[in-house]
Amino acid sequence: AQSVTQLGSHVSVSEGALVLLRCNYSSSVPPYLFWYVQYPNQGLQLLLKYTTGATLVKGINGFEAEFKKSETSFHLTKPSAHMSDAAEYFCAVSRYGTASKLTFGTGTRLQVTL
Amino acid sequence: DAGVIQSPRHEVTEMGQEVTLRCKPISGHNSLFWYRQTMMRGLELLIYFNNNVPIDDSGMPEDRFSAKMPNASFSTLKIQPSEPRDSAVYFCASSQGTGGEQYFGPGTRLTVT
């Protein structure tokens, strides 16, 4: 079975500060890992994904995440927060070869203050 | 290209009524997923289809819920009879291939009074 744990249901940062959203996963097989963002009253949008290869993955809007197998982590970072980054962020894991079924974390709401 | 299309965007109905939610996946995608999102339970996978065949419906809460995918371009999620606890946002998503990312629709906000 696969699972995802997102530490911190709410994170608040100042505009211009580093954004760090934590995600740890559990998987018995090599995982595919994803970060999605959800803006108010919208569906989820893919930020970035890790499948194989380079462990540092760059996504849209300046976000990136690093796959660390030894730590079973896939934390999301952005060097400088912008007000428009305020949203809910979901980490997800899938198992290769299973028709893309995703297991989502509980989400982290990011607040950006002036 | 059009993304995943869901209709209606908002639905308000009375307890006991039948509700049908509709989804058109992205053309060429072979997997379709129905999710429910609430404040209390977060994002839950209800059912998913691969090549129009239901693969896993273990997330369907009870027999009042049913889903169909008669062809590659259309799926429905039906609740009969509806109850106030079914109030939620229902998302449809589609993907292509194995291990690929899912593309979400805008959701249907269901309110059952």
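Residues numbered from 1 in each chain as written. Chains lettered and ligands numbered in written order. Predicted model: local features only at pLDDT ≥ 70, side-chain atom pairs only at ≥ 80, totals over all residues. Heavy atoms only, no water.

In this complex, chain B contributes 22 residues to the contact, which on the side of chain A involves 20 residues. Counting the surface lost from both chain B and chain A, the interface buries some 1,600 Å², and carbon and sulfur atoms represent 53% of this. Here chain B and chain A share one salt bridge between them. Note that A:Lys49 and B:Glu101 form a salt bridge whose closest N and O atoms lie 2.5 Å from each other. Summed over the shared surface of chain B and chain A, the number is four residue pairs in polar contact (both at pLDDT 80 or more). Taken together, the elements giving at least two residues each to the side of chain B that touches chain A come down to strand S4 (31–38), strand S5 (42–50) and strand S9 (88–95) of chain B. Tallied by class, residues from the side of chain B that touches chain A come to eight nonpolar, ten polar and four charged. (Contact = heavy atoms within 4.5 Å. Buried area = accessible area lost by both parts, 1.4 Å probe. Salt bridge = Lys/Arg side-chain N within 4 Å of Asp/Glu carboxyl O. Polar contact = N/O pair within 3.5 Å; in protein donor to acceptor, adjacent residues only side chain to side chain. Helix = DSSP H or I, 4+ residues; strand = E, 2+ residues; numbered from the N terminus. Nonpolar A, V, L, I, M, F, W, Y, C, P; charged D, E, K, R; others polar.)

Moving on to the packing of aromatic side chains. All told, the structure shown has 13 aromatic pairs over all chains when counted by the stated rule. Ring geometry for A:Tyr36 against B:Phe104: centres 5.7 Å apart, planes inclined by 75°, an arrangement best described as edge-to-face. One end of the pair, A:Tyr36, is in strand S4 (residues 31–38); the other, B:Phe104, is in strand S10 (residues 103–104), on a second chain. Take A:Tyr36 and B:Phe104: they sit in the same class, and that class is buried. Relative to B:Phe104, the ring of B:Tyr35 lies with its centre 5.3 Å away and its plane at 35°, an arrangement referred to as tilted. (Phe/Tyr/Trp six-rings, centres within 6.5 Å; stacked < 30°, edge-to-face > 60°. Buried < 20%, exposed > 50% of the residue type's maximum accessible area, 1.4 Å probe, protein only.)

Take the pattern of salt bridges next. On inspection of all chains with the given rule, the structure shows twelve salt bridges over all chains. Between A:Glu88 and A:Arg109 there is a salt bridge, with the nearest N and O atoms lying 2.8 Å from each other. Here A:Glu88, found in strand S9 (residues 87–95), pairs with A:Arg109, found in strand S11 (residues 108–113); they are 21 residues apart in sequence, far enough to count as distant. Its relative accessible area of 37% is what places A:Arg109 among the partly exposed residues. The shortest N-O distance in the salt bridge between B:Glu44 and B:Arg36 comes to 3.1 Å. Both residues of the pair, B:Glu44 and B:Arg36, count as buried. Bridged by salt links that share partners, the residues B:Glu62, B:Arg64, B:Glu83, B:Arg85 and B:Asp86 form one connected network.

What follows is about the sheet that holds strand S6 (residues 56–58) of chain A. All names here are of chain A. If you trace the five strands from one edge of the open sheet to the other, you get S1-S3-S8-S7-S6, paired in antiparallel fashion. Each edge of the sheet is formed by a strand with only one pairing partner; in this case those strands are strand S1 (3–7) and S6. On average, each strand axis in the sheet is inclined to that of its neighbour by 20°, with strand direction left out of account. Pairing of S6 with strand S7 (residues 64–68), which is carried by three bridges, proceeds in the antiparallel orientation. What sits directly across from Leu 56, in S7, is Glu 66. (Pairing = 2+ DSSP bridges. Axes fitted to C-alpha atoms, helices over the stretch in contact; angles between N-to-C directions.)

Attention now goes to the state of the cysteines. By definition, a disulfide links the sulfur atoms of two cysteine residues through a covalent bond. Inspection of every chain in the model, using the stated rule, returns two disulfides over all chains. The disulfide partner of A:Cys23 is A:Cys91, and the S-S distance across this bridge is 2.0 Å. A torsion of -65° about the S-S bond marks the disulfide between A:Cys23 and A:Cys91 as left-handed. Of this pair, A:Cys23 sits in strand S3 (residues 19–26) while A:Cys91 sits in strand S9, and the two are 68 residues apart along the sequence. Both residues of the pair, A:Cys23 and A:Cys91, count as buried. Sulfur-sulfur distance for the disulfide between B:Cys23 and B:Cys92 comes to 1.9 Å. (Disulfide = S-S within 2.5 Å.)

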